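Coordinate analysis (summary)
As a plain string of letters, each chain reads:
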Amino acid sequence: MEPSLARVDYLQVGVTAQKTMRLLPASGKKATQKVVVGDQDGVVTCFGIKKGEAVPVFKTLPGQKISRLELGGALNTPQEKIFVAIGSEVRGFTKRGKQFLSFETNLTESIKAMHISGADLFLCASYIYNHYCDCKDQHYFLSGDKINDVLCLPVDKVNCITPVLACQDRVLRVLQGSNLLYEVELPGPPAVLALSNGNGGDSGEEIVYGTSDGKLGVTQITGTKAIPRWEIGNEKKRGGILCIDSFDILGDGVKELLVGRDDGMIEIYNFESADDPVLRHDYALSESISSIQGGCVGKDGYDEILAATYSGWLTGLTTEPVHREGGSGEELKLSQEMQNKISSLRNELEQLQIKVLQEREKYQQSSHSSTAVSSVPAFSVNDKFTLNRDDASYSLILEVQTAIDNVLVQSDVPLDLLDVDKNSAVVSFSSCDSEPNSNFLLATYRCQANTTRLELKVRSIEGQYGTLQAYVTPRIQPKTCQVLQYQIKPLSLHQRTHSIDQDRPMNTLMLKGQFSFAEIHSWVVFCLPEVPEKTPAGECITFYFQNTFLGTQLESTYRKSEGYFKSDNISTISILKDVLSKEATKRKINLNISYDVNEESVRHTLKLIHPKLEYQQLLAKKVHLIDALRELQVHEGNVDFLLPKYRSILEEADQLLEEYKRQPAHLERLYGMITDLFIDKFKFKGTNVKTKVPLLLEILDGCDQDGLIAFFDAA
């Protein structure tokens, strides 16, 4: 059954972080629930809804930003105590707003994730996990990568404390005390965890995870290993998952899965069977969903989904009908209620407009006085810069708490700007002078009114590294701008993976010298994305990577005084050799570099590139024919006389043009990669073959795989 949900906007608080809104337990069955939310102004707000209006229960004073909000209480009792994480402190409030706890932890960083189970408190900073019981330190664990969320299996069901950490390196780490029990490999970096069905399922061992690249799944955490239950990919290319809840919104007696994403999508999944989730309904808001809860908020007896957005809006999707079925008296009463609400909103709006004018005048007067002090208004920007495996491009998502006026994008390395369907901003390019200023890209995105979220896509070229800068200007007075910087790394199209194919022909680069483990780790961080900045524990570490554009792979193993890098793409080894030697020279470290080149790897890489090259050349040819074929169609009136292959080009013209537009420089990039492969192959032999490049380009235009391999072998 398709649910009929109506949107209601209740209240706006300050900017909210992930998982900072909860519903307090109801006093009776189907009674309305109070909402509690913490924002980045440090304010905890608790309110209920009466006659469609938000009625405050309590509100705390502003302070440091709130990073998490959880409910707690004794096990098997209503969870109605409110706990908030502020910096490295945890504060507790009763449902009436009285503070009963102020616990200053021993964490040196701010708390990023929190979970509460009875007297047990589980806290995580960036890399550190701490378990406290009755505010006494119990266990500690240092993670290999950043921790995004923490959860503990229900103690009353599994009879032991089993914490689970969601880590950035695509892994769930299951702990026992201060020790790692085992790791669970996931298809993407987990951003959020929740208990399946709200209670861990029948066994209490099932966990739902949502990844930052939009995948969703359930895994069972047993005492010895994880058993995957189901997984849903991100076929619709939607945003990353920020929040999850379980609630029976369809009223069929089975709890649905509620999912909130960072592109504003709210999704409802229900289950045909235990391991078969089906997307039943989705709803789009204009900004990211930081928290989601199912419950009864607006009116007794009507369930709804409550979402908190990044800019602080508390929005409900309610099952309460907008037009009630009933007699004329009830309809009249409803319209009178609505008229009163509209009237009070108009009065409030008029008062706000008067207040804005008064404040503007006051600012103008003070800014022209002799003792004027310029004040720059502060604003929050929620940004995300991630590599997409599907199309080997980087997504830059910028979200501002107020409307964006324009975004200027500048880069000191060559980048392709790709089309984004969801992007309604008007883009204009400025000519760049790349020689003296190293300015390769200068583009301005002018946003339409009320745009608070902007998504851009760029594709980098491996071997060329530098900085991408975004200048964000919101629609606020006086005009102000915030600059955000993103590093484009030498091997920017590589992504971390759990394992690689060891049977491929590999080239090896070996480094030896007087460098520490921390120094070589910092060089790897400089070269490759998704490597934790913190030096790993232990004496040696191995990371695996895959090139998202070509599918080639890289294995890097290093320790103090030595490093080994293996790849089936000789260009990857060449880039590493150049960058690592440059970094070592900067620090006056003498490196002993040796390499082992496998001739077969070049043929292997060409075979990986060739299908992509063939496809792009065919696409380019088809696109060049479209205008001529359309002209023929206009002149002749029909296309029956054309060969079937030309008729199919006309039929698919719009899709072909759309695909070509989305990947503007794809063919040039492939030509560039094959040229680099050719030059790098002979560079390791000490031969300069740049004079033969024009001949290579001629062969590429012919697109003959055997001829290309023969040219590489003969040169």
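Values in this document were obtained by computation on a predicted structure and should not be read as measured data.

The next point concerns the pairing of strand β19 (residues 206–211). Within β19, six of the six residues are buried, which leaves it mostly tucked inside the rest of the structure. Because side chains alternate across β19, one face comprises the buried residues Glu-206, Val-208 and Gly-210, and the other comprises Ile-207, Tyr-209 and Thr-211, equally buried. Pairing geometry for strand β18 (residues 190–195) and β19, over five bridges, is antiparallel. Within the sheet, the bridge partner assigned to Leu-193 lies in β19 and is Tyr-209. Linking β19 back to strand β20 (residues 216–221) in an antiparallel pair, the connection comprises four residues, with Gly-214 at a positive phi of about 90 degrees.

Along the chain, the position of Thr-309 falls in strand β27 (residues 304–309). Within the local environment of Thr-309, its side chain forms a polar contact with the side chain of Glu-287, the two groups lying 3.4 Å apart.

On to the nonpolar core, then. Judged by nonpolar contacts, the single largest core of 78 residues is most densely connected at Leu-398, Val-407, Phe-565, Ile-674 and Phe-712. If sequence neighbours within four positions are ignored, Phe-565 has contacts with Asn-507, Thr-508, Leu-509, Leu-511, Val-524, Leu-554, Glu-555, Ser-556, Ile-573, Leu-576 and Leu-580. Within the second largest apolar cluster, 15 residues are counted, among which are Ala-166, Leu-172, Leu-195 and Tyr-209.

Let's shift gears to the packing of aromatic side chains. Two descriptors summarise a pair of aromatic rings, namely the distance from one centre to the other and the angle between the planes of the rings. Tallying each qualifying case throughout the model produces 15 aromatic pairs. Between Phe-543 and Tyr-558, the ring centres sit 6.4 Å apart and the planes meet at 45 degrees, which makes this aromatic pair tilted. With Phe-543 in strand β40 (residues 540–547) and Tyr-558 in strand β41 (residues 553–559), the pair connects residues that are 15 residues apart, well separated along the chain. Side by side, Phe-543 and Tyr-558 carry an identical accessibility label, which is buried. Members of the aromatic cluster, connected to one another through ring pairs, are Phe-517, Phe-543, Phe-545 and Tyr-558. Here the basic side chain of Lys-81 rests over the ring of Phe-100, its NZ or CZ set 6.0 Å away from the ring centre.

One open sheet holds the four strands; their spatial order is β2-β3-β4-β5, and the pairing between them is antiparallel. This sheet does not close on itself; its edge strands, each paired only once, are β2 (21–23) and β5 (53–59). The average undirected angle you get between the axes of adjacent strands in this sheet is 25 degrees. Where strand β4 (residues 44–50) and β5 come together, six bridges link them in antiparallel fashion. When the sheet's bridge partners are listed, Thr-45 is paired in β5 with Lys-59.

Counted under the stated rule, the structure contains 35 salt bridges. For the salt bridge of Lys-457 with Asp-391, the shortest nitrogen-to-oxygen distance reads 2.8 Å. Taken together, the positions of Lys-457 in strand β35 (residues 453–460) and Asp-391 in the loop between β29 (381–388) and β30 (393–400) put the pair 66 residues apart, joining distant regions of the chain. Using a relative accessible area of 17% as the deciding quantity, one classes Lys-457 as buried. Among the ionic contacts, a cluster of salt bridges with common partners joins Asp-145, Asp-169, Arg-173, Glu-183 and Arg-496.

What follows deals with the layout of surface pockets. Put simply, the second largest pocket is a space of about 1300 Å³. Taken together, 43 residues make up the lining of the second largest pocket; nearest its centre are Arg-22, Gln-79, Leu-195, Gly-198 and Asn-199. Grouping the constituent residues of the lining of the second largest pocket by class yields 21 nonpolar, 16 polar and six charged.

This part takes up the environment of Asp-501. In this structure, Asp-501 sits in the loop between β38 (494–497) and β39 (507–513). Of the residues examined, Asp-501 reaches a relative accessible area of 35% and is grouped as partly exposed. Along the sequence, Asp-501 and Met-338 sit 163 residues apart, while their C-alpha atoms lie 65 Å from each other. Of the polar contacts made by the side chain of Asp-501, one reaches the backbone nitrogen of Asp-503; its length is 3.0 Å.

What follows concerns the pairing of β40. As a general feature of sheets, a regular strand has side chains that alternate between the two faces. A one-sided burial pattern is seen for β40, the buried positions being Ile-541, Phe-543, Phe-545 and Asn-547 and the unburied ones Cys-540, Thr-542, Tyr-544 and Gln-546. Pairing of β38 with β40, which is carried by four bridges, proceeds in the antiparallel orientation. Each residue of the ladder has a partner; that of His-494, found in β40, is Asn-547. Bridge count for β40 against β41 is seven bridges, and the pairing is antiparallel.

Relative to the 56 Å expected for 38 residues at 1.5 Å per residue, helix α6 (residues 599–636) spans 55 Å between its end C-alpha atoms, a close match to the ideal helical length. When the local axis directions of α6 are compared, the greatest deviation, roughly 35 degrees, occurs at Ile-626. Its side-chain oxygen 3.0 Å from the backbone nitrogen of Glu-600, Asn-598 forms the N-cap of α6. Among the residues trailing α6, Gly-637 stands out with phi positive, at a value near 85 degrees.

In this section: the environment of Cys-432. Checked against the element boundaries, Cys-432 lands in the loop between β33 (426–429) and α3 (434–437). Separated by 251 residues in the primary sequence, Cys-432 and Lys-683 have C-alpha atoms spaced 32 Å apart. Other than its neighbours up to four places away in sequence, Cys-432 contacts Asn-439, Phe-440, Leu-441 and Leu-442.

Judged by pairing direction, the sheet is antiparallel, and its four strands sit side by side in the order β10-β11-β12-β13 without closing on themselves. Only two strands of the sheet have a single partner each, and these edge strands are β10 (113–117) and β13 (136–142). Strand-to-strand, the axes of this sheet are offset by a mean angle of 15 degrees, without reference to chain direction.

With that out of the way, let us pick up the packing of helix α4 (residues 517–527) against helix α5 (residues 570–586). Where α4 contacts α5, the two axes come as close as 10 Å, and the packing angle between them is 130 degrees. Put simply, α4 runs oblique to α5. Regarding α4 and α5, the two cross each other, and that crossing is right-handed. Counting all contacts with α4, which are made through Trp-523, Phe-526 and Cys-527, the residues of α5 involved are Leu-576, Val-579, Leu-580, Glu-583 and Ala-584. Here the residues of the contact of α4 with α5 sort into seven nonpolar, no polar and one charged.

At a closest axis distance of 9 Å, the pairing of α5 and helix α9 (residues 666–683) adopts a crossing angle of 65 degrees. When the axes of α5 and α9 are compared, the pair comes out roughly perpendicular. In this structure, the crossing between α5 and α9 has a hand that is left-handed. Where α5 abuts α9, its residues Ile-570, Ser-571, Ser-574 and Asp-578 lie against Asp-676, Leu-677, Asp-680, Lys-681 and Lys-683.

Criteria and cut-off values
Residues numbered from 1 in each chain as written. Predicted model: local features only at pLDDT ≥ 70, side-chain atom pairs only at ≥ 80, totals over all residues. Heavy atoms only, no water. Buried < 20%, exposed > 50% of the residue type's maximum accessible area, 1.4 Å probe, protein only. Helix = DSSP H or I, 4+ residues; strand = E, 2+ residues; numbered from the N terminus. Pairing = 2+ DSSP bridges. Polar contact = N/O pair within 3.5 Å; in protein donor to acceptor, adjacent residues only side chain to side chain. Core = buried A, V, L, I, M, F, W, Y, C linked by side-chain atoms within 4.5 Å. Contact = heavy atoms within 4.5 Å. Phe/Tyr/Trp six-rings, centres within 6.5 Å; stacked < 30°, edge-to-face > 60°. Lys NZ or Arg CZ within 6 Å of the ring centre and 35° of its normal. Axes fitted to C-alpha atoms, helices over the stretch in contact; angles between N-to-C directions. Salt bridge = Lys/Arg side-chain N within 4 Å of Asp/Glu carboxyl O. 1 Å grid on protein atoms, 1.4 Å probe; cavity = no way out; pocket = protein on both sides within 12 Å on 5 of 7 lines; lining within 4 Å. Points joined across faces, edges and corners; volume = space filled by probe spheres on them. Nonpolar A, V, L, I, M, F, W, Y, C, P; charged D, E, K, R; others polar. Expected span 1.5 Å × (residues − 1). Bend = angle between axes of the 7 residues up to and from the residue. Parallel < 35°, antiparallel > 145°, perpendicular 65-115°, else oblique. Left-handed = near helix turned anticlockwise from the far one by under 90°.

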